[in-house]
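Breakdown of the fold
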Amino acid sequence: MISIEPVAAPGAPLARRNPVAKVAAALVFSFILLATLDPVAPAIAIALELALLPLFGIRYRVLARRALPLLLSAAGILVTLVLFAADRSGRVLLDAGPVLVTTGVLLTALGLVLRVFAVALPGVIVFATTDPTDLADALVQNAKAPARFAIGALAAFRLVPLLGQEWQMISMARRARGVDAGRNPVAKLRLFTSTAFALLVGAIRRGTRLAVAMDARGFDAGTPRTVARRQSFTRADALLIAGSIVLAGAALTASVLAGTFRPLIG
Amino acid sequence: MGGVLLRGFGWRHAGRRAWAVRGVDLRVEDGERVLLLGPSGAGKSTLLSALAGLLPEDSGEQEGTVEIDGLDPRKGRERVGIVFQDPETQLVMARSGDDVAFGLENRGVPTDEIWPRVDEALRRVGFPYSRDRDTAALSGGEQQRLALAGALALRPGLLLLDEPTANLDPAGATLVRQAVAGALDADTTLILVEHRVAEALPLVDRVVVLEPGGGVRADGPPEAVFAAHGATLAAEGVWVPGHPVTPRPATAAAGDLLLADDRLGLPPRLGPTDLAVRAGEALAVRGPNGAGKSTLALLLGGLLRPGTGRVTASAELAGSDHRAPPHRWRAPALAGRIGSVFQDPEHQFVTGTVFDELALGPRRTGQPEAAVKDTVAGLLERLRLTRLAAANPYTLSGGEARRLSVATALATAPRLLICDEPTFGQDRRTWQELVDLFADLRDAGHGVVAVTHDADFVTALADRTVTLKRTPDGSR
Amino acid sequence: MDNTTNRWRTIDIVVASVIAVAFGVIFWAWGLVWSATEGAFAFFPPAQTLLYGVWLMPAVIGGLVIRKPGAALYCETVAAVLSALLGSQWAGTVIPQGIVQGIGAELAFAAFRYRSFRLPTAVLAGALTGLSAALFDFFVWNVDYALGDYRIPYALLTIVSATVIAGAGGWLLTRALANTGALDRFPVAQERALI
Ligand SMILES: Nc1ncnc2c1ncn2[C@@H]1O[C@H](COP(=O)(O)OP(=O)(O)OP(=O)(O)O)[C@@H](O)[C@H]1O
Ligand SMILES: Nc1ncnc2c1ncn2[C@@H]1O[C@H](COP(=O)(O)OP(=O)(O)OP(=O)(O)O)[C@@H](O)[C@H]1O
Ligand SMILES: [Mg+2]
Ligand SMILES: [Mg+2]
């Protein structure tokens, strides 16, 4: 089942920080790291991320499960690079027609895989510890996002687990009415498409009714909204963002000092 | 505050030739408690939406005027609170307390006042959980109560309720009615739509009956209206108290076994259950909200794979598939043998028009086109949907949608019919027609399983009743 | 239909969000049903590029349905935030990526001053969102790959896929949605026969 529930212990010192601050910190951290292609900076960054994990109240097992798709993309990177690497310098390890594996290729691959992990993990960590309601509140109160849009998106997010159930219901309804695909892959694809279409139609209808229900409770009345849940952006939140800049910068600096730094552009 | 004045009001939904409601002249004073009646499709829900200012100009055509305290309802929304029939689509936030607070935030209520008002509204409706309770984890009845709290927290002058107890178990329905009774202030105007008149009467002091063709058929104190028009209203489909329905007990003993369950369950939704359905018998399944009745219906219908135990179909029912349990049958074979009617009618629909919806099953099971046309025409006629043959199933009224969903399962004439809440939201006439339809099927040797909260339905039709209990941990 | 003002109605906001969210769920279901093929894509990268357009559909459909400035950008951004929340493999970085992709489609609708929503506009929107997606990947993710053998074909395939799937496909899908009556409160709803 799809779940958008946060998975962290809510009391953890960094998980408690303002959601906007957390997202900003993750984005800044990731973007600074994108600037280099070497393996050293991302490796340091990953070490830092893992070291900070307990402060976010996430257990390593949980993170591993959430980060599972990353392994898949790591495999993809490896294969793609073996086939399409730009730089094939270094000692030849394997030469089989188009597949030419050299130490240079492996080093690049290592850099890229580490980079994917280093860049993605902050986001995984932050979103695993952030409740969508708090994020919307903080976006409105601390980041001056337009309230109608943030709340509207939040209301739609609430439908996510419901749409997952809806998918099951639609599939069952089709079966009950005599529609199935059997083992034929083409029929399967067709059934998938028509189920997805039905889900989309159902979702839009739901959205339409939800909008009516929201208006019924004065959502669009034009009265300035007040907030029930106050989100505050404190010094600690600013420090979190600053800290992430410092740490990412430190990782880059270490890589420059080690002489491995390879800028993205240039 | 909360006076309503309608003058020659009418509304036609975009895309429809017929007016959903028309020629309504009505005046409701502050503090009156009105029960709005009328057969299915008479336009009751449409009228409530109009009063709540929720019929946008771009979605249809209006005639006459509506005023709430002298204002256009689209502008006077802060006076009105509405609870729709389907609670799931009206919850906005993920946490229960936030959902009640949502309306207060929109009205600009100062932050310090919000939470006391939320707590008070939750207390008045008897909401059993804390403010942090996840709204997705609430049962239908709890959602209904939360939606009511969301409307009450706004302290509306006019409260509009559209079948607030449909789909609730009897205990839950009583609780919601008590909540409404306890939550109304002396000057709150109430307009309630509810087919089951007897249950709603303690809440109201006036009855207004809509005429399907347009206009108001009867208006006044309940006793007076029912004394003067009782018999005709009952014939037209209003559940007039004291007009009993015709029971349809079985005419012959039950026949051979069709389907048997052995410790059938799907944890945590349904604990192990034993059950047997015979040909020529109508079996009622009852139990509180969340007991797993719908889950059981889906398991019996071969739509879900059992978590524990098994379903065995008799050789007669299973035909060529007698070695496999129903959930492994191919869909066309299944549809010809076991018909399923889902609890939410909209879950049943897979095509774009009422006609195609009815034709789908027969076509899939391989009937020739001429026979399909005959079957469809017969069902449309019988369930009074002929006029709507080209309509999109999603634009039907609550009762019309329910009838269509039952008809889709009947179209393939399955040996076993499994219906989840087939009679909720039905007027008296349709209700009786459904009972007759199921009784005819049973008497012709089909098996019928009906999951239901409707005690009248059980009395009128069921030969046997199975009651499920809620699992102790509340399944969650 | 109120298309004269640029103010978003509640229904515009909610339905735009729901379109984005529903696509998120459909992607998720795709993984569920075809988890086997998902693995295969990792080993056959060009195929992944051909499917790229599917991820860009919310931008085009949002623009075509809502018809207000910002709709394409909003839909694609919300879809990106959702996939971050659901735990996508790119996590937080999908958000800026989604914004960049949304801007592409937004520019196409803006070029027609939010007046034309016909097939050519949709195709242009698909092409531009594909272009912006390709540029993002070209500079951010693909730097280490061979230019002629990989980076350029990848970028071109992305644009082609976006033009066909997101652009033309998005237009067809919007029309199909309108035919179901689900979009009756939007300007795309066609005049339908009275019943
Ligand atoms: N959104 C819609 N678009 C088109 N037609 C509609 C729409 N909603 C309702 N109708 C039609 O308007 C008529 C009145 O519907 P309404 O829902 O008001 O009936 P109702 O009195 O509430 O019936 P029920 O008791 O079955 O709920 C019906 O014929 C229905 O098909
Ligand atoms: N798709 C699902 N996934 C997980 N849990 C579910 C699902 N559907 C229902 N449940 C849970 O399983 C339990 C049984 O649900 P079910 O719908 O079968 O109850 P029911 O007896 O039909 O109730 P009601 O009278 O309200 O219709 C409930 O606690 C419900 O919340
Ligand atoms: Mg109704
Ligand atoms: Mg049920």
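Residues numbered from 1 in each chain as written. Chains lettered and ligands numbered in written order. Predicted model: local features only at pLDDT ≥ 70, side-chain atom pairs only at ≥ 80, totals over all residues. Heavy atoms only, no water.

Chain C appears in an unreviewed UniProt entry as Energy-coupling factor transport system substrate-specific component from Micromonospora orduensis.

Named according to an unreviewed UniProt entry, chain A is Energy-coupling factor transporter transmembrane protein EcfT originating from Micromonospora parastrephiae. Chain A has a UniProt comment under Subcellular location (unreviewed entry) that states "Membrane". (UniProt positions renumbered as here; feature names shortened; annotations may be inferred.)

**Points about the overall build of chain A**
When helices and strands are tallied, chain A shows ten helices and two strands. Expected size for 266 residues packed as a compact globule is a radius of gyration near 18 Å; at 23 Å, chain A overshoots this value by more than 25%. Reported as C-alpha extents along the three principal axes, the dimensions of chain A are approximately 70 × 60 × 35 Å. Out of the 266 residues in chain A, the part that is buried amounts to 54%. The contacts of chain A with a sequence gap of at least 6 include a subset with a gap of at least 24, amounting to 75%. Only carbon and sulfur atoms are counted for the fraction: they give 68% of the accessible area of chain A, which is about 11,200 Å². (Helix = DSSP H or I, 4+ residues; strand = E, 2+ residues; numbered from the N terminus. Rg over C-alpha atoms; globule rule 2.2 N^0.38 Å. Buried < 20%, exposed > 50% of the residue type's maximum accessible area, 1.4 Å probe, protein only. Contact = heavy atoms within 4.5 Å. Areas by Shrake-Rupley, 256 points an atom, 1.4 Å probe, with all protein chains shown as cover.)

**Topic: the environment of C:Trp141**
Mapped onto the fold, C:Trp141 is located in the loop between α6 (119-140) and α7 (147-179). Residues C:Trp141 and C:Arg151, spaced ten residues apart in sequence, show a C-alpha to C-alpha distance of 9.8 Å.

**A look at the confidence of the model for chain C**
All names here are of chain C. For chain C, the average pLDDT comes to 81, and 79% of its residues sit at 70 or higher. Contacts for the low-pLDDT stretch residues 34-38, under 50 throughout, to residues beyond four places or in other chains number five contacts. Quick note on the complex model: pTM equals 0.87, ipTM equals 0.88. (pLDDT = per-residue confidence, 0-100.)

**A few points about the site of ligand 1**
All names here are of chain B. Close to ligand 1 lie 19 residues, the nearest being Ser40, Ser45, Thr46, Gly399 and Glu400. One of the backbone nitrogen or oxygen atoms of Thr395 is found 3.3 Å away from a nitrogen atom of ligand 1. One of the backbone nitrogen or oxygen atoms of Gly399 is found 2.7 Å away from an oxygen atom of ligand 1. Burial of ligand 1 by the protein chains amounts to 87% of its free accessible area of 640 Å². Elements supplying a minimum of two residues to the shell around ligand 1: α1 (44-51) and α14 (398-410). A class-by-class count of the residues in the shell around ligand 1 yields three nonpolar, eleven polar and five charged. If you count residues domain by domain, the shell around ligand 1 takes at least three from each of domain 1 (4-236) and domain 2 (257-467). (Near = heavy atom within 4 Å. Polar contact = N/O pair within 3.5 Å; in protein donor to acceptor, adjacent residues only side chain to side chain. Nonpolar A, V, L, I, M, F, W, Y, C, P; charged D, E, K, R; others polar. Domains from an automatic or database assignment.)

**Topic: the pattern of salt bridges**
According to the stated counting rule, one finds 44 salt bridges over all chains in the structure shown. With its nearest N and O atoms 2.6 Å apart, the salt bridge here joins A:Arg229 to A:Asp137. With A:Arg229 in the loop between α9 (185-216) and α10 (235-257) and A:Asp137 in helix α6 (residues 132-142), this pair connects stretches of sequence that are 92 residues apart. An identical accessibility class is assigned to A:Arg229 and A:Asp137; each is buried. Among the salt bridges present, the one from B:Glu32 reaches B:Arg206, with a minimum N-O distance of 3.0 Å. A residue pair is termed long-range when its members are at least 10 positions apart, and B:Glu32 in the loop between β2 (21-28) and β3 (33-37) and B:Arg206 in strand β8 (residues 206-210) qualify at 174 residues. Relative accessible area serves as the criterion here: at 10%, B:Arg206 is assigned to the buried category. Salt bridges here are not isolated pairs; linked through shared partners, they connect A:Asp131, A:Asp134, A:Asp137, A:Arg225, A:Arg229, B:Arg95, B:Asp98 and B:Glu105. (Salt bridge = Lys/Arg side-chain N within 4 Å of Asp/Glu carboxyl O.)

**Here's the deal with the interface of chain C and chain A**
At the junction of the two partners, chain C supplies 56 residues and chain A supplies 67 residues. Of the roughly 5,600 Å² buried between chain C and chain A, counting both surfaces, carbon and sulfur atoms make up 79%. Scanning the region where chain C abuts chain A turns up one salt bridge. For A:Asp220, the salt bridge identified is with C:Arg7, shortest N-O distance 2.5 Å. Along the contact surface separating chain C from chain A lie five residue pairs in polar contact (both at pLDDT 80 or more). Elements represented by at least two residues in the side of chain C that touches chain A include exactly α1 (10-33), α4 (71-86), α5 (94-111), α6 and α7 of chain C. For the side of chain C that touches chain A, the class distribution of residues is 43 nonpolar, eight polar and five charged. (Buried area = accessible area lost by both parts, 1.4 Å probe.)

**Looking at the coordination of the magnesium ion (ligand 4)**
Geometrically, a metal with four donors at the corners of a regular tetrahedron has ideal angles of 109.5 degrees, and one with six donors at the corners of a regular octahedron has ideal angles of 90 or 180 degrees. All of the protein donors around the magnesium ion (ligand 4) are B:Ser294 (OG) and B:Gln343 (OE1); their distances to the metal are 1.9 to 2.1 Å. Pair noted here: B:Ser294 is in helix α8 (residues 293-300) and B:Gln343 is in the loop between β14 (338-341) and α11 (345-348), with a separation of 49 residues, a long-range link. (Donors = N, O, S within 2.8 Å, 3.2 Å for Na, K, Ca; no water.)

**Some words on the side chain of A:Thr108**
Counting through the fold element by element, A:Thr108 comes out in helix α5 (residues 103-128). Owing to a relative accessible area of 7%, A:Thr108 belongs among the buried residues under this scheme. If we ignore the near neighbours within four places in the chain, the residues touching A:Thr108 are A:Leu81, A:Asp87, A:Arg262 and C:Asp144.

**So, the site of ligand 2**
Near ligand 2, the surroundings consist of 15 residues, among which B:Asn289, B:Gly290, B:Lys293, B:Ser294 and B:Thr295 are the closest. Take B:Asn289: an N or O atom from its side chain is 2.7 Å from an oxygen atom of ligand 2. Isolated, ligand 2 exposes 640 Å² of accessible area, and the fraction of that covered by the protein chains is 77%. Those elements giving two or more residues to the shell around ligand 2 turn out to be α8 (159-176) of chain A together with α8 of chain B. Top element by residues in the shell around ligand 2 is α8(B). It accounts for three residues. Taken together, the residues of the shell around ligand 2 break down into two nonpolar, ten polar and three charged.

**A closer look at the packing of helix α4 (residues 140-152) of chain B against helix α5 (residues 170-183) of chain B**
Residues and elements named next belong to chain B. As a packed pair, α4 and α5 sit with axes 11 Å apart at the nearest point and diverge in direction by 10°. When the axis of α4 is compared with that of α5, the two are roughly parallel. Contact residues: Arg145, Leu148 and Leu152 in α4; Leu175, Val176, Ala179, Val180 and Ala183 in α5. Its residues assigned to classes, the contact of α4 with α5 comprises seven nonpolar, no polar and one charged. (Axes fitted to C-alpha atoms, helices over the stretch in contact; angles between N-to-C directions. Parallel < 35°, antiparallel > 145°, perpendicular 65-115°, else oblique.)

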